[in-house]
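One letter stands for each residue in the lines below.
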Amino acid sequence: MLKIRGEELTRSAMAKKIDFSILHPDSTKEQIIEGIDLCLKEEFNSFCVNPNYLEIVAKGLAGSPVEPSVVLDFPFGSGTPAIKKAAAADMLDKGAKALDLVIDVGALKDGNLDLVTSEIKSVVDMAGPSIKTKIIIEAQLLTDEQVRQAGKCIAEAGATYIKSSTGRHGGPSLHTVKLMRESVPSSIGVKVAGTGSFWTGTVVLGCLLAGADLIGTRNGPAILDELPLLEAVFGPLNS
């Protein structure tokens, strides 16, 4: 059995490390309903969608362990703090259990860390302790030092996860995943997303070994189906 940090990676355990997502702008209601059925079957950690479909997802997942999750100010993060806070309030009213917020990446690159911290904190405070907050930093647009600064902002704001990417500019390297893990306290999780159709079981294993806790992907079912092959190839991998 494959193991990561002492945990056996059964199909169920791997599913709990996956935030299944459907985030294309042309996604249809039919695709979302199919996604709900898939999430109920596999019991992924969450189903992450755009705001227009959150209410359908929240109702469809009611009573299950799968969290209805939604992106905020996606994919650019260029809205004002007031816009982000208002969007968070609306999504919480519609049943969100996790909020994936895109930061103001330009403000971070300008060194305006106070703005970045305050916009995150306003959403975290509104969400409260029972709602997870996953903060998207678009890591592949940042230098190593800017990734560290983003981690500091996220920690100061009290968010639940640092998240790598929207996918609009590709995904992070393993170096960046490791750097993200090092940039936040152990109490804050690391979510890796943005690799798109290149997500494979092998890539997932690499990200988990580099320090990731969650994987955001639409390729969840294929990754789960790969587990027997991964076990045959890698054996009782441990870290």
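A short tour of the structure in this document, coming up. From a predicted model like this one, the values you see are computed outputs, not experimental measurements. (Residues numbered from 1 in each chain as written. Predicted model: local features only at pLDDT ≥ 70, side-chain atom pairs only at ≥ 80, totals over all residues. Heavy atoms only, no water.)

1. Topic: the sheet that holds strand β4 (residues 46-49)
Note the cut-off: Between any two strands, pairing holds if DSSP finds at least two bridges. Helix and strand definitions follow DSSP, with helices as H or I runs of at least four residues and strands as E runs of at least two, each counted in order from the N terminus. Angles here are taken between N-to-C directions and fall from 0 to 180 degrees, while the axes themselves are lines fitted to C-alpha atoms, restricted in helices to the stretch in contact. Residues count as neighbours in contact if any of their non-hydrogen atoms are within 4.5 Å of one another.
Sheet architecture is closed into a barrel: eight strands sit in the order β3-β4-β5-β6-β7-β8-β9-β10, paired in parallel fashion. Pairs of neighbouring strands in the sheet enclose a mean axial angle of 25 degrees, with direction left out of account. Bridge count between strand β8 (residues 161-163) and strand β9 (residues 189-193): three bridges; the pairing is parallel. The residue bridging Y161 from the neighbouring strand is G189, located in β9. Along the sheet, helix α8 (residues 174-183) contacts β8 and β9; its crossing angle with β9, the most-contacted strand, is approximately 155 degrees.

2. Focus: the packing of aromatic side chains
Which entries qualify depends on this criterion: Note on aromatic pairs: the rings of Phe, Tyr and Trp (six-membered ring only in Trp) are paired at centre separations within 6.5 Å, and the planes decide the class, stacked below 30 degrees, edge-to-face beyond 60, tilted for the rest. The rule is simple: take the accessible area with a 1.4 Å probe, protein chains only, and divide by the maximum for that residue type; under 20% is buried, over 50% is exposed, in between is partly exposed.
Enumeration according to the criterion identifies two aromatic pairs in this entry. Each ring, one from F20 and one from F44, has its centre 5.5 Å from the other, and the planes form 10 degrees; the classification is stacked. Taken together, the positions of F20 in strand β3 (residues 18-22) and F44 in the loop between α2 (29-42) and β4 put the pair 24 residues apart, joining distant regions of the chain. Here F20 falls in the buried class, since its relative accessible area comes to 5%.

3. Focus on the packing of helix α7 (residues 144-157) against α8
Our working definition: When the near helix sits turned anticlockwise from the far one by under a right angle, the crossing is termed left-handed; a clockwise turn instead gives a right-handed crossing.
Relative orientation of the contacting elements α7 and α8 amounts to 35 degrees, with a least axis distance of 8 Å. Along this stretch, α7 crosses α8, giving a crossing that reads as right-handed. Where α7 abuts α8, its residues D144, V147, R148, G151 and K152 lie against H175, L179, M180 and S183.

4. Things to note about the pattern of salt bridges
For clarity, the cut-off: By salt bridge we mean one thing: a side-chain nitrogen of Lys or Arg within 4 Å of a carboxyl oxygen of Asp or Glu.
Per the counting criterion, the structure on display carries 16 salt bridges. The closest approach of N and O atoms between R11 and E42, which form a salt bridge, is 2.9 Å. Residue R11 is found in helix α1 (residues 11-15), and its partner E42 is found in helix α2; the two are separated by 31 residues along the sequence. On the basis of relative accessible area, E42 is assigned to the buried category, the value being 12%. For the salt bridge of D90 with K94, the shortest nitrogen-to-oxygen distance reads 2.7 Å. Relative accessible area serves as the criterion here: at 28%, K94 is assigned to the partly exposed category. Taken together, the shared-partner salt bridges in this structure form one network comprising D19, D100, K134, K163 and K191.

Nothing here speaks to function; it is geometry throughout.
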